[in-house]
Amino acid sequence: QLQLVESGGGLVQPGGSLSLSCAASGFSSGYYAIGWFRQAPGKEREGISCINMMDGSLYYADSVKGRFTISRDTAKSTVYLQMNSLKPEDTAVYYCGATTTQGVLRLCVYPRDLDAWGQGTLVTVSS
């Protein structure tokens, strides 16, 4: 019933910018939080930024802090990720995930048994 759909991935040069969107549906009421995750070949999934959809509290991983910005539009049940100063090591498949029970720190650092995952969108940073 709960669904997430990512969009906005693509090819960008190092130092460039890209914006991702995560549209949620099936969340009728109550608490929920959404996070952005990424996974590159040969690496484990990394939580990079998460936001509490109710009060806007958020978390950034050190790897993206100062370069990426997460935001929410509660009316549209949508979360955005603005990515600036992109590096080749940012290349990965980016996913959004949602929870109705976990806080943003746990969601990003210890994601487990989430209520929904998106299908992923590929971000490639290359010259």
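None of these values were measured; they are calculated from a predicted model.

Counting its regular elements, the protein chain contains one helix and 11 strands. Helices and strands appear in the protein chain in the N-to-C order β-β-β-β-β-β-β-β-β-α-β-β. In summary, the protein chain has a C-alpha radius of gyration of 14 Å against a globular reference of 14 Å for 127 residues, a match within 12%. The C-alpha extent of the protein chain, read off along each of the three principal axes, is 45 × 25 × 25 Å. In the protein chain, buried positions account for 43% of the 127 residues. Contacts in the protein chain between residues at least 24 apart in sequence constitute 57% of all its contacts with a sequence separation of at least 6. Accessible surface computed for the protein chain: about 6,600 Å², of which carbon and sulfur atoms make up 48%. Of the side-chain charges in the protein chain, 10 are positive and 10 negative, and the distance between the mean point of each set is 3 Å.

Counting across every chain of the model gives two disulfides. Each sulfur of the disulfide joining Cys22 and Cys96 lies 2.1 Å from the other. Residues Cys22 and Cys96 are joined by a disulfide whose S-S torsion is about 80°; by sign, that bridge is right-handed. Linking Cys22 in strand S3 (residues 18-25) with Cys96 in strand S9 (residues 92-99), this pair joins segments that are 74 residues apart in sequence.

Attention shifts here to unusual backbone geometry. One non-glycine residue, Ser85, adopts positive backbone phi at about 50°. Turning to its location among the elements, Ser85 is positioned in the loop between strand S8 (78-83) and S9.

Quick look at the packing of aromatic side chains now. Aromatic rings considered in pairs are described by the distance between their centres and by the relative angle of their planes. Under the counting rule described, the total for this entry stands at two aromatic pairs. Here Phe27 and Tyr32 contribute two aromatic rings whose centre-to-centre distance is 4.6 Å and whose plane-to-plane angle is 15°, an arrangement assigned as stacked. A single burial state applies to Phe27 and to Tyr32, both of which are buried.

With that out of the way, let us pick up the nonpolar core. In this structure, Leu4, Ile34, Trp36, Phe68, Leu81, Met83 and Tyr94 are the most contacted members of the largest nonpolar core, which totals 29 residues. For this core, the secondary-structure elements that each account for two or more residues are S3, strand S4 (33-39), strand S5 (46-52), strand S7 (68-73), S8, S9 and strand S11 (121-125). The next biggest cluster of nonpolar side chains, apart from the first, holds seven residues, and it includes Ala33, Phe37, Cys50 and Leu107.

By the element assignment, Ser17 lies in the loop between strand S2 (10-12) and S3. For Ser17, a relative accessible area of 41% corresponds to the partly exposed category. When the C-alpha atoms of Ser17 and Leu105 are compared, they prove to be 26 Å apart, with 88 residues separating the residues in sequence. Sequence-distant contacts of Ser17, that is, excluding residues within four places in its chain, are made with Val12, Gln82, Met83, Asn84, Ser85 and Leu86. There is a polar contact of 2.8 Å between the side chain of Ser17 and the side chain of Asn84.

Once that is clear, we can look at the side chain of Thr121. Checked against the element boundaries, Thr121 lands in strand S11. A distance of 3.1 Å separates a polar atom in the side chain of Thr121 from the backbone nitrogen of Gly9. Those residues in contact with Thr121 that sit more than four places away from it in its chain are Glu6, Ser7, Gly8, Gly9, Leu20, Ala92, Val93 and Tyr94.

Calculation criteria
- Residues numbered from 1 in each chain as written.
- Predicted model: local features only at pLDDT ≥ 70, side-chain atom pairs only at ≥ 80, totals over all residues.
- Heavy atoms only, no water.
- Helix = DSSP H or I, 4+ residues; strand = E, 2+ residues; numbered from the N terminus.
- Rg over C-alpha atoms; globule rule 2.2 N^0.38 Å.
- Buried < 20%, exposed > 50% of the residue type's maximum accessible area, 1.4 Å probe, protein only.
- Contact = heavy atoms within 4.5 Å.
- Areas by Shrake-Rupley, 256 points an atom, 1.4 Å probe, with all protein chains shown as cover.
- Lys, Arg positive; Asp, Glu negative; His and termini not counted.
- Charge placed at Lys NZ, Arg CZ, Asp CG, Glu CD.
- Disulfide = S-S within 2.5 Å.
- Phe/Tyr/Trp six-rings, centres within 6.5 Å; stacked < 30°, edge-to-face > 60°.
- Core = buried A, V, L, I, M, F, W, Y, C linked by side-chain atoms within 4.5 Å.
- Polar contact = N/O pair within 3.5 Å; in protein donor to acceptor, adjacent residues only side chain to side chain.

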